[in-house]
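Residue strings, one per chain:
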Amino acid sequence: MTLLLPLLLLAGAPAADSVDLLVRGGTVYDGSGRASRRVDVGIRGDRIVFVGDAAQSRIAAGRIVEAAGLIVAPGFIDPHTHSFEGLPNLSEERRRNTGALMQGVTTVVTGADGRGPLEVARVLIEAERLGLGTNTYALTGFGSARARVMGNSSAPATPAQIDSMKALIAKAMSEGALGVGSGLFYAPQSYATTEEVIAVLKGATPYGGVYDTHQRDESSYTIGLLNSVREAIRIGRETGLTTNLGHVKALGVDVWGKADSVLLLMREARASGHQVVADQYPWTASGTGLGASLLPRWSQAGGRDSLLLRIADSATRDRILVEMRDNLRRRGGDSTLLLTGGGAAARPYVGKTLKQVAAEKGAAAVETALELIRTVGDIGVASFNMNERDIETFMKDPYVMTSSDGSGGHPRLYGTYPRKIRRYVLDKPVITMERMVRASSGQVAAVYGIPDRGEITEGAFADVIVFDPKTIREEATYVEPVKLSTGMRWVFVNGQAAVAEGVPTGVLAGKGLRKVVQEK
Ligand SMILES: [Zn+2]
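Residues numbered from 1 in each chain as written. Predicted model: local features only at pLDDT ≥ 70, side-chain atom pairs only at ≥ 80, totals over all residues. Heavy atoms only, no water.

Asker: Tell me what's going on with the sheet that holds strand β11 (residues 140-141), and back it up with residues and numbers.
Answerer: Read from one edge to the other, the open sheet built from 6 strands follows the order β11-β12-β13-β14-β15-β19, with strand pairing classed as parallel. Taken across any chain shown, the strands that pair with only one partner, and hence form the sheet edges, are β11 and β19 (400-402). Direction of pairing for strand β15 (residues 276-280) relative to β19: parallel, over a ladder of 3 bridges. Each bridged residue has a counterpart across the sheet, and for Q280 the counterpart in β19 is T402. (Pairing = 2+ DSSP bridges. Helix = DSSP H or I, 4+ residues; strand = E, 2+ residues; numbered from the N terminus.)

Asker: Tell me about the packing of aromatic side chains, and name the residues and values.
Answerer: Tallied over the entire structure, the rule returns 6 aromatic pairs. Judged by centre distance (5.2 Å) and plane angle (20 degrees), the ring pair of F76 and Y417 falls under stacked. With F76 in strand β8 (residues 76-81) and Y417 in helix α16 (residues 412-427), the pair connects residues that are 341 residues apart, well separated along the chain. For the residue pair F76 and Y417, the accessibility class agrees, reading buried in each case. Between W490 and F492, the aromatic rings sit 5.8 Å apart at their centres with planes inclined by 5 degrees, giving stacked as the arrangement. (Phe/Tyr/Trp six-rings, centres within 6.5 Å; stacked < 30°, edge-to-face > 60°. Buried < 20%, exposed > 50% of the residue type's maximum accessible area, 1.4 Å probe, protein only.)

Asker: Tell me about the coordination of the zinc ion, residues and numbers included.
Answerer: Protein coordination of the zinc ion is provided by D113 (OD), D113 (OD), H214 (ND1) and H247 (NE2), with donor distances spanning 2.1 to 2.7 Å. As a motif over one chain, the donors of the zinc ion read D-x100-H-x32-H. Of this pair, D113 sits in the loop between β9 (105-110) and α4 (120-130) while H247 sits in the loop between β14 (242-245) and α9 (259-271), and the two are 134 residues apart along the sequence. Residue D113 is classed as buried on the basis of its relative accessible area, which comes to 2%. The class for H247 is buried, based on a relative accessible area of 2%. (Donors = N, O, S within 2.8 Å, 3.2 Å for Na, K, Ca; no water.)

Asker: Explain the sheet that holds strand β20 (residues 464-467) residue by residue, including any values.
Answerer: Spatial strand order, β3-β2-β7-β20-β21-β22-β23: 7 strands in an open sheet with mixed pairing. On the outer flanks of this sheet lie β3 (37-38) and β23 (503-504), each paired with one strand and no other.

Asker: With reference to specific residues and values, describe the pattern of salt bridges.
Answerer: When their charged atoms lie close together, side chains carrying opposite charge are able to pair. The final tally for this structure, using the stated rule, is 32 salt bridges. The partner of R473 in a salt bridge is E475, with the nearest N and O atoms 3.7 Å apart. For R473, a relative accessible area of 41% gives the class partly exposed. Its relative accessible area of 25% is what places E475 among the partly exposed residues. If you follow the salt bridges from partner to partner, you end up with D254, D326, R329 and R330 in one network. (Salt bridge = Lys/Arg side-chain N within 4 Å of Asp/Glu carboxyl O.)

Asker: So what's going on with the packing of α16 against helix α17 (residues 433-440)? Which residues, and what values?
Answerer: For the pair α16 and α17, the least separation of the axes is 10 Å and the interaxial angle reads 155 degrees. Classified by the interaxial angle, the pair formed by α16 and α17 is roughly antiparallel. Of the two elements, α16 crosses α17, and the hand of that crossing is right-handed. Every residue of α17 that contacts α16 at Y417, K420, I421, V425 and L426 is listed here: M433, M436, A439 and S440. The class makeup of the residues in the contact of α16 with α17 is 7 nonpolar, 1 polar and 1 charged. (Axes fitted to C-alpha atoms, helices over the stretch in contact; angles between N-to-C directions. Parallel < 35°, antiparallel > 145°, perpendicular 65-115°, else oblique. Left-handed = near helix turned anticlockwise from the far one by under 90°. Contact = heavy atoms within 4.5 Å. Nonpolar A, V, L, I, M, F, W, Y, C, P; charged D, E, K, R; others polar.)

Asker: Kindly report on helix α7 (residues 194-201), identifying the contributing residues and their values.
Answerer: Among the 8 residues that make up α7, 6 are buried, leaving the element largely enclosed by the rest of the structure. Those residues of α7 lying buried are T194, E196, V197, I198, V200 and L201. Those residues of α7 that are buried lie in contact with α5 (142-150), α6 (159-174), β12 (179-183), β13 (210-214) and α8 (225-239).

Next comes the structure, spelled out in structure tokens:
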């Protein structure tokens, strides 16, 4: 204890000789990437106050969780999510975020793909007041700023519009956003030039942080995967933000096998002094909309009404169909698009491939797709467009973290972290458990500048998970994406049990967290 005491005082936590709760005898992967250890973890209030041999240190515990045979790790931090879009105006069920907690996720970064909030302080304060199951940080959004200032316009931004967007980003950063997201793949963000994005994101430069992007092209749609990576690196470098390639992938047959080339570009950028990382979900299908996956971007300029006018014009419709045919080929053909959701009108098609629906209608695949987009709206799709080798190549890279990209209609929302553990650590194994835990906790905290979370260490917040390596797995599937994962025994968020004995407790222990900003 004599050695322990000054360390604890330095960390700002009270000395530990009694703890509220002791997680005893588990195998601890502490999030640093170091080898696992058999140690006990003591929690008092919302902090970890003891890591070591509790018996030897004569630690008294109010309550004991027996973790022999189980794995203890820091709560996972999910850097790229959609599940909290619309915050704070979400139902309590959504705010509870049980699907994430049952995967061991205790902190999420909301606002992926450029759709993050502009009123960061209001959103996070209000969300915490209403109650959150997971800690929540936010990225602000390039797309949100552009939509606020320019609507759905495909025009280049004027200098005045750039100033307005830049001011919105600066304000959001001053309120504690961790960085800025973009979704340059999606209309209308796709209409922004690289120079426009850089000029707007300079609003974030004084604050620093992460530029997280669903990049312009993960395939061969427009500028191509590698040029798109170069663009993302350039945007980060010229704005002074860390570049994060959100859900990094090689999408479609034209770019299969390019994972190594992407990683090489990242390595070269780091060697020249620019920090660039990526996150990844462990699934061969991406989740998007039928329109986003097949329609040419020019056909979407101006929004849905403009699209419908273009479809109504037979010559324009023919041009759209020609490009859709090529986009469908890129993704792997009509049997690789599984329709997964949308409104009530989409229900008859859910669980069927585009090929099946086209056969039922007796029409060609792209004509069927365009008719669905016209009459039903943008139906969600799971698009099976990645190959396993690229997924594994990305996963093994030390600069690729885990993320869920969780959204409705795809099992990644409920199953990402247990799937990665089951499939790529325990069954195959592609990476070690140390690396899995590091890529899903401590590394994310380091990249995003999240203090006091992501590692099992004295003084850190008590976001701690306990899971059973024998039973951990995802239950969600592409056909049944809304199923809680199994194997997570205990999940503590700020010291409170959000999952106890494998059952969610419903407790709302999460915080709406904002970066403490210091203008550079
Ligand atoms: Zn995305």
